[in-house]
Amino acid sequence: MGFLDILLGRTKPVAPDLDQLFALPSAAVTLEAAAGFTPTGGGAVCFATVEGAAFEQTHHEVQALLDADADRSGVPVELRQDDYGYSWLVSRRSPDQLVQLVNDLHAVNSSMEANGFGPQLLCSLATFTDARSRRLALVYLYKRGTFYPFAPLSDTTQRRDSALELQVKAVLANDLRIEQDLSRWFPVWGAPGL
């Protein structure tokens, strides 16, 4: 970054660090101990919708890679579109397989990045719930290399539990690289599993 960039307020974008995803299992232990949230076994990677043979090939590669896991039953990765036009590659595991779910999310992100679809990657998330049936996602922002909590309210309106999100932010401050700019805590309405 040069002197002119500093004067004009330009900053270099943060390089994605997919290895940050591997911090989720230890963060989940903290989250359960401090707030009572446990993993649901659901996770997903969100990206701007891509069409064409190159993406289909990448999707088949990811499918084959995750199909090779003998411990998995059912469809390993499901491709979905939400109401906003974004695509999601969804992985489901049993709730006690968070480590394997994180491996799935990392593999999907890495495969898309390696095949030239890095600019389309938006976020990844793992879902949690508590004894009161509150829902929570820990969302990894691909282009920022940070996490934030997203807690939709259980009613049908698109409202979120901001107090819970701030509580989770404080609880996980030492476990995850938390996004400090709250304006970047985008709601992920229609995310699979929420």
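Above this text is the structure in question.
So, here is what we can say about the structure in this document.

Parameters and conventions
Residues numbered from 1 in each chain as written. Predicted model: local features only at pLDDT ≥ 70, side-chain atom pairs only at ≥ 80, totals over all residues. Heavy atoms only, no water. Axes fitted to C-alpha atoms, helices over the stretch in contact; angles between N-to-C directions. Helix = DSSP H or I, 4+ residues; strand = E, 2+ residues; numbered from the N terminus. Parallel < 35°, antiparallel > 145°, perpendicular 65-115°, else oblique. Left-handed = near helix turned anticlockwise from the far one by under 90°. Contact = heavy atoms within 4.5 Å. Nonpolar A, V, L, I, M, F, W, Y, C, P; charged D, E, K, R; others polar. Salt bridge = Lys/Arg side-chain N within 4 Å of Asp/Glu carboxyl O. Pairing = 2+ DSSP bridges. 1 Å grid on protein atoms, 1.4 Å probe; cavity = no way out; pocket = protein on both sides within 12 Å on 5 of 7 lines; lining within 4 Å. Points joined across faces, edges and corners; volume = space filled by probe spheres on them. Expected span 1.5 Å × (residues − 1). Buried < 20%, exposed > 50% of the residue type's maximum accessible area, 1.4 Å probe, protein only. Arc of directions from axis to C-beta.

Attention now moves to the packing of helix α2 (residues 24-35) against helix α5 (residues 162-171). The contact between α2 and α5 brings their axes to 10 Å, and the two run at 120°. Relative to α5, α2 is oriented oblique. Viewed along their axes, α2 and α5 form a crossing whose handedness is right-handed. Contact with α2, carried on its side by Thr30, Leu31, Ala34 and Ala35, involves Gln167, Val168 and Val171 of α5 and no other residues of that element. Partitioning the contact of α2 with α5 into residue classes produces five nonpolar, two polar and no charged.

The subject of this paragraph is the pattern of salt bridges. Inspection of the entire model under this criterion finds eight salt bridges. The salt bridge involving Glu78 is made with Arg92; its shortest N-O contact spans 2.9 Å. Taken together, the residues span a long stretch of sequence, with Glu78 in strand β2 (residues 77-81) and Arg92 in strand β3 (residues 86-92) at a distance of 14 residues. In this structure, the salt-bridge partner of Arg134 is Asp130, at a minimum N-O distance of 2.7 Å. Residues joined by salt bridges that share partners form a network here, namely Glu78, Arg80 and Arg92.

Bringing the sheet that holds strand β5 (residues 135-141) into the picture now. By definition, the strands of a sheet pair up through backbone hydrogen bonds, in either a parallel or an antiparallel sense. Ordered by their spatial adjacency, six strands build an open sheet running β2-β3-β1-β4-β5-β6, and the pairing between neighbours is antiparallel. In the strand order of this sheet, the two ends are held by β2 and β6 (146-150), each with one partner. With strand direction ignored, the average angle separating the axes of adjacent strands in the sheet is 25°. Across seven bridges, strand β4 (residues 121-129) lies against β5 in antiparallel orientation. Each residue of the ladder has a partner; that of Ser124, found in β5, is Tyr140. Each of β1 (38-48), β2 and β3 is contacted by helix α3 (residues 53-67), which is oriented at about 145° to β2, the strand it contacts most.

Looking now at the layout of surface pockets. Counted as a void, the largest pocket has a volume near 360 Å³. Taken together, 17 residues form the lining of the largest pocket, with Leu122, Cys123, Phe186, Pro187 and Val188 sitting closest to its centre. Within the residue set of the lining of the largest pocket, elements represented by two or more residues are β3 and β4. For the lining of the largest pocket, the per-class residue count stands at 13 nonpolar, no polar and four charged. Taken as a whole, the second largest pocket holds about 160 Å³ of empty space. What lines the second largest pocket is a set of 13 residues, among which Arg135, Pro152, Leu153, Trp189 and Leu194 lie closest to the centre. Broken down by class, the residue content of the lining of the second largest pocket amounts to six nonpolar, five polar and two charged.

Attention shifts here to α2. Between its first and last C-alpha, α2 extends 15 Å over 12 residues, near the 16 Å set by a 1.5 Å rise per residue. Taken together, the buried positions of α2 are occupied by Leu24, Ala27, Ala28, Leu31 and Ala35. Buried residues of α2, seen end-on, are gathered within an arc of 105° and therefore sit on one face of the element. Facing away from the buried side of α2, by more than 90 degrees, are the exposed residues Val29 and Ala33. Buried positions along α2 lie against β1, α4 (98-114), β4, β5, β6 and α5.

Along a regular strand, successive side chains alternate from one face of the sheet to the other. In terms of burial, β5 is a largely internal element, six of the seven residues being buried. The antiparallel hairpin formed by β4 and β5 contains five residues in its connecting segment, where Ser133 sits at a positive phi of about 65°. Pairing analysis gives five bridges linking β5 to β6, with the strands arranged antiparallel. Looking at the pairing, Tyr140 lines up with Phe147 of β6. Between β5 and β6, which follow one another and run antiparallel, lie four residues, and Gly145 among them has a positive phi close to 70°.

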